[in-house]
Amino acid sequence: MIQIVELTKIFDKGTINEKVAVANVNLTFAAGEFVTIIGGNGAGKSTLLNCLAGNYAVDKGIIRLDGKDITNLPEYKRARWIGRVFQDPSLGTAYDMTIEENLAIAYHKNKSRGLQPGIRKKERQFFREKLAMLGLGLENRLKDKVGLLSGGQRQALTLLMATIVTPRLLLLDEHTAALDPVTAKKVLQLTRKLAENKEICTLMITHNMQEALDIGTRTIMMHNGRVILDISGEEREKMTVEKLMSQFERKSGSSLANDRMLLL
Amino acid sequence: MTYLAILGAVELGLIYAVMALGVFISFRTLNTPDLTVDGSFVLGAAVAAVICSGGGNPFAALLAAFAFGSLAGAVTSLLHTKLGIQPLLSGILVMLALYSVNLRVMGGAPNIHLMNSPSIFNLWQAGLFAGNAKLITAILVILIVFLFLYLFLQTRLGFALRATGDNEIMVRAAGINSNATKLIGLALSNGLVAASGAMIAQYQSYADVGMGMGMVVMGLASVIIGEVVFGVKPLLRRLLAVVLGSVLYRLIIAFAFSLGMPATDLKLVSAVIVAVALSSGALKSAVLKQKQ
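The structure displayed is predicted, hence computed values, not measured ones.

Analysis parameters
Residues numbered from 1 in each chain as written. Chains lettered and ligands numbered in written order. Predicted model: local features only at pLDDT ≥ 70, side-chain atom pairs only at ≥ 80, totals over all residues. Heavy atoms only, no water. Helix = DSSP H or I, 4+ residues; strand = E, 2+ residues; numbered from the N terminus. Rg over C-alpha atoms; globule rule 2.2 N^0.38 Å. Buried < 20%, exposed > 50% of the residue type's maximum accessible area, 1.4 Å probe, protein only. Contact = heavy atoms within 4.5 Å. 1 Å grid on protein atoms, 1.4 Å probe; cavity = no way out; pocket = protein on both sides within 12 Å on 5 of 7 lines; lining within 4 Å. Points joined across faces, edges and corners; volume = space filled by probe spheres on them. Nonpolar A, V, L, I, M, F, W, Y, C, P; charged D, E, K, R; others polar. Domains from an automatic or database assignment. Buried area = accessible area lost by both parts, 1.4 Å probe. Polar contact = N/O pair within 3.5 Å; in protein donor to acceptor, adjacent residues only side chain to side chain. Salt bridge = Lys/Arg side-chain N within 4 Å of Asp/Glu carboxyl O. Pairing = 2+ DSSP bridges.

Chemist: So, the overall build of chain B: which residues are in play, and what are the values?
Modeler: When you go through chain B residue by residue, the secondary structure sums to 12 helices and 2 strands. Reading chain B from its N end, one meets helices and strands in the order α-α-α-α-β-α-α-α-α-β-α-α-α-α. The globule rule puts the C-alpha radius of gyration for 292 residues at 19 Å, and the 19 Å found for chain B is close to it. In terms of principal-axis extent, the alpha carbons of chain B reach across some 55 × 50 × 35 Å. Taking all 292 residues of chain B together, 53% fall into the buried category. Sequence-distant contacts in chain B: of pairs separated by 6 or more residues, those separated by 24 or more amount to 76%.

Structure, rendered in structure tokens:
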């Protein structure tokens, strides 16, 4: 479904600060796959996701979605197939607008945005039902401004917004990293629930290696812009954090000890 | 203050409120400091003056002013989104260019007088409301603009516009072309500003190429006074606050005039009002620190 061919992204090209963030990456993801992506700082995980989302123009390579070349499509145009949740809870929502207004903006993703009413009665009922699924009581706060919500509530809302129109690709960039452990766990559970949809392919970046192995169907490890490990199925089920560590050290020739990666 | 001075201030406040609503859209809704306003206000006045002095329909003059103002706003937006010039500088550039454009529109003359031309303010000379014709016209116009804007901001497009000022990243992730919403927003904003300029030209019976100076500050003053006095939410109240803020601002100015302030000090007073209002946050925390 998603096909990434020889993708390369270079920052500050032609300067002394030149940095190859993603180097000749080839990957194919199928619908229904839940892929966790791990790797140290500067491994190219976020850059890869930003290239897929259209945030960054790529230097080389092709990105196909359902066979369609979307490499040069602007971000807002490919957004119709892509849902995103960011690490920073403030990035996913409009803080000065109400919960229902935010949901309405996300809900009208693939519809024309003219002078129709921003929210219809029927839609409000639908939003209420969807919000009730989150189990955070937000269904009773439709008219509250998002700025009043906690980080966890915002991430939950952003997740809902990212999937309220079923995307083909769901991109999660360490979306629980800024939350306290209890809230992070809740948001992760919610992520699992929402990503169950067999039409969606989910890519989730995490710094928690145990989490990367526990959740999803496939795990990718990146280092210096390259994919150095790609496991799924039985191989992944047998994988432990210790084995993952030694694999990393062998393949990258460096140690993870100094990195931000959590070894839990 | 005499009754006439108060009446005049209210009339002016309501007419300038259309401009203040335009400034509200750029500064608050889109979160973009747009200085095109000083130029587009005069553009609207110039267009209306030319149409009215030629015997044209004064309402058509308002619509024409709106269209030309929108165009100016669109140029500012394109300079920013397509050519990568900072929003502040884009506005200054268009404002500067408009000075020449406005002179051209006015046929090279620095001002046009409209003594015997048709105006929206002298449509009913006789009849029940003849005495308050100007006030009633001003109220009618601001009601229409207010209603239009309030409804517009609650459409899907209006939502997209408001979200653009809040969080552009989220807006693009929701499949919205933020460059397009910025363009629509600045066009609408400057359209309203120009329409306000057109009304002022008709109200004062003249258009002057220098009449737009400091307009953006006056608009901002109205917006801020409204926010401080009447609150910022919900949306209906927020828009209402802009209109009332504009009236209040004019009343303050009229009061200062009645105390003997020379008209030439108007800009100074406006700047001080905005500076004080904008620094209220910093002043408050400084006072709190002193108390501790």
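The discussion continues.
Chemist: Tell me about the layout of surface pockets, and name the residues and values.
Modeler: There is about 680 Å³ of room inside the largest pocket. If you trace the largest pocket, you find 30 residues lining it, with Asp96, Glu101 and Lys145 of chain A together with Arg162 and Leu235 of chain B closest to the centre. Of all elements in the fold, only α3 (99-107) of chain A together with α1 (3-29), α6 (156-166) and α10 (235-258) of chain B reach the threshold of two or more residues within the lining of the largest pocket. In terms of residue class, the lining of the largest pocket is built from 13 nonpolar, 6 polar and 11 charged. Within the residue set of the lining of the second largest pocket, elements represented by two or more residues are α3 (58-81), α5 (133-152) and α8 (178-204) of chain B. The biggest single contributor to the lining of the second largest pocket is α5 of chain B, with 6 residues.

Chemist: Outline the domain arrangement of chain A, supporting the account with residue identities and numerical values.
Modeler: Residues and elements named next belong to chain A. The domain boundaries assigned to chain A delineate domain 1 (1-81 + 167-264) and domain 2 (96-166). Once you take the C-alpha centre of each, domain 1 and domain 2 turn out to be 27 Å apart. Each partner contributes to the interface: domain 1 provides 17 residues, whereas domain 2 provides 14 residues. Both faces considered, domain 1 and domain 2 share a buried interface measuring about 1300 Å² in area, 72% of it formed by carbon and sulfur atoms. Connecting domain 1 to domain 2 are 3 residue pairs in polar contact (both at pLDDT 80 or more). For the side of domain 1 that touches domain 2, the secondary structure elements donating two or more residues are β7 (169-173) and α6 (181-194). Across the side of domain 1 that touches domain 2, the residue classes tally to 9 nonpolar, 4 polar and 4 charged.

Chemist: Got a sec to walk through the interface of chain A and chain B? Specific residues and values, please.
Modeler: Listed as interface residues are 32 residues of chain A and, on the opposing side, 21 residues of chain B. Its largest share of buried area at the contact with chain B, chain A owes to Tyr76, Ile105 and Arg113 of chain A, together 26% of the area lost on that side. Inspection of the region where chain A meets chain B yields 3 salt bridges. In this structure, Arg162 of chain B engages Glu101 of chain A in a salt bridge whose closest nitrogen and oxygen atoms are separated by 3.1 Å. Across the chain A-chain B interface, the total number found is 15 residue pairs in polar contact (both at pLDDT 80 or more). The leading source of residues in the side of chain A that touches chain B is α3 of chain A, at 4 residues. Of the residues contributing to the side of chain A that touches chain B, the split by class is 14 nonpolar, 9 polar and 9 charged.

Chemist: Can you tell me about the sheet that holds strand β4 (residues 60-65) of chain A, naming the residues and giving the values?
Modeler: Pairing between sheet strands relies on hydrogen bonds along the backbone, with the strands arranged either parallel or antiparallel. Residues and elements named next belong to chain A. Strand order in the open sheet formed by 4 strands is β2-β1-β4-β5, and the pairing between neighbours is antiparallel. The two strands at the open ends of the sheet, each matched to only one other strand, are β2 (19-29) and β5 (68-69). Two elements, β4 and β5, share 2 bridges in a ladder whose sense is antiparallel. Considered in β5, the bridge of Arg64 is made with Asp69.

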